[in-house]
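Structure at a glance
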Amino acid sequence: MFLFTPPTAEQLKTFLESQARQPLTYTAEGATRLASALPDGYTVDHTRVVLGSGEAVFRRACAALRRWEMFNLGWLTCHPCDTPIEVGQVMAIVPWHFGFWSLNACRIVYVIAEERRFGFGYGTLPAHVESGEERFLIEWEASTDAVAYDILAFSRPAHPLTQLAYPVARLFQWRFAADSGRAMRRAVAAGEGTPEK
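A few points on the structure.

So, how was this worked out
- Residues numbered from 1 in each chain as written.
- Predicted model: local features only at pLDDT ≥ 70, side-chain atom pairs only at ≥ 80, totals over all residues.
- Heavy atoms only, no water.
- Helix = DSSP H or I, 4+ residues; strand = E, 2+ residues; numbered from the N terminus.
- Buried < 20%, exposed > 50% of the residue type's maximum accessible area, 1.4 Å probe, protein only.
- Contact = heavy atoms within 4.5 Å.
- Lys, Arg positive; Asp, Glu negative; His and termini not counted.
- Charge placed at Lys NZ, Arg CZ, Asp CG, Glu CD.
- Phe/Tyr/Trp six-rings, centres within 6.5 Å; stacked < 30°, edge-to-face > 60°.
- Lys NZ or Arg CZ within 6 Å of the ring centre and 35° of its normal.
- Expected span 1.5 Å × (residues − 1).
- Polar contact = N/O pair within 3.5 Å; in protein donor to acceptor, adjacent residues only side chain to side chain.
- Arc of directions from axis to C-beta.

1. Describing the overall build of the chain
When you go through the chain residue by residue, the secondary structure sums to four helices and nine strands. The order of α-helices and β-strands along the chain, N terminus first, is β-α-β-α-β-β-β-β-β-β-β-α-α. Principal axes of the C-alpha set define a box for the chain whose edges measure 45 × 35 × 30 Å. Going through the 197 residues of the chain one by one, you find that 48% of them count as buried. Restricting to contacts in the chain with at least 6 residues of sequence separation, those with at least 24 account for 63%. For the chain, the distance from the average position of its 19 positive side-chain charges to the average position of its 21 negative side-chain charges is 2 Å.

Pasting the structure below:
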């Protein structure tokens, strides 16, 4: 769905309701959970950003992921911005491209909640310009003590405009990966000195 003005709360509500019960647009559900199981025929993107080291950084990074800080980019937002990280939750990813906005629907398909790893993967629904899955993961490495923010995705165009302007779509994907890493670094740094929960 493309708009020439920012979507209203009512438009977002109607959009999410229309997508809530729709099936995923790909068959390899959960494939990003195990990087070795990615399907053929898709473009794969993998970005890893070190956020710092130690348990305090890990906890701040997990909290930032729960607040969807990786989408706090100015040119791209997630709605609702307080969506719980739970399987089955549906959200709208809303980027701004050259004077218009697009609404893209995703559903959380799995959650990772381990002692040193926290994250989730979401998959695309019919109202999305791409088809595929993306994983967002915070990982606290036992061997190095480093805390990393890791994005793994597979995708391919699902809308005619995306197919026609595929090089531009790829630029937006690369921009998202870079900006998302910077947003997580900012969020973790901003939490320094605050009490851990």
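2. Observations concerning the packing of aromatic side chains
Under the criterion given, the structure shown has 14 aromatic pairs. Look at Tyr42 and Phe154: their rings are 5.0 Å apart centre to centre, the planes differ by 75°, and that puts the pair in the edge-to-face class. Of this pair, Tyr42 sits in the loop between α1 (9-19) and β2 (43-53) while Phe154 is found in strand β9 (residues 146-157), placing the two residues 112 residues apart along the sequence. Take Tyr42: its relative accessible area is 15%, and that puts it in the buried class. Residue Phe154 is classed as buried on the basis of its relative accessible area of 1%. The ring of Tyr42 carries Arg156 above its face, with NZ or CZ at 4.1 Å from the centroid.

3. Structural notes on helix α2 (residues 55-66)
Between its terminal C-alpha atoms α2 stretches 17 Å, which fits the 16 Å expected from 12 residues at 1.5 Å a residue. Considered for burial, the residues of α2 that qualify are Val57, Phe58, Arg60, Ala61, Cys62, Ala64 and Leu65. Two residues or fewer past α2, Trp68 is found with a positive phi of approximately 60°.

4. Some words on the side chain of Asn104
For Asn104, the location among the structural elements is in strand β6 (residues 104-113). Of note is the side chain of Asn104, whose polar atom sits 3.0 Å from the side chain of Ser102. The contact partners of Asn104, leaving out residues within four places of it in the chain, are Phe15, Met91, Ala92, Ile93, Pro95, Ala127, His128 and Val129.

5. Some thoughts on α1
The set of residues buried in α1 consists of Leu12, Phe15, Leu16 and Gln19. The buried residues of α1 occupy an angular sector of 95° when projected down its axis, which confines them to one face. Residues Glu10 and Glu17 are exposed on α1 and point more than 90 degrees away from its buried face. Those residues of α1 that are buried lie in contact with β3 (76-79), β4 (90-97) and β6.

6. Some details on the environment of His128
Along the chain, His128 turns up in the loop between β7 (117-124) and β8 (130-140). With 10 residues separating them in the primary sequence, His128 and Phe118 have C-alpha atoms 25 Å apart. Discounting residues that sit within four places of it in the chain, His128 has contacts with Asn104, Ala105, Cys106 and Ala158. Looking at His128, its side chain comes within polar contact range of the main-chain nitrogen of Glu130, at 2.9 Å.

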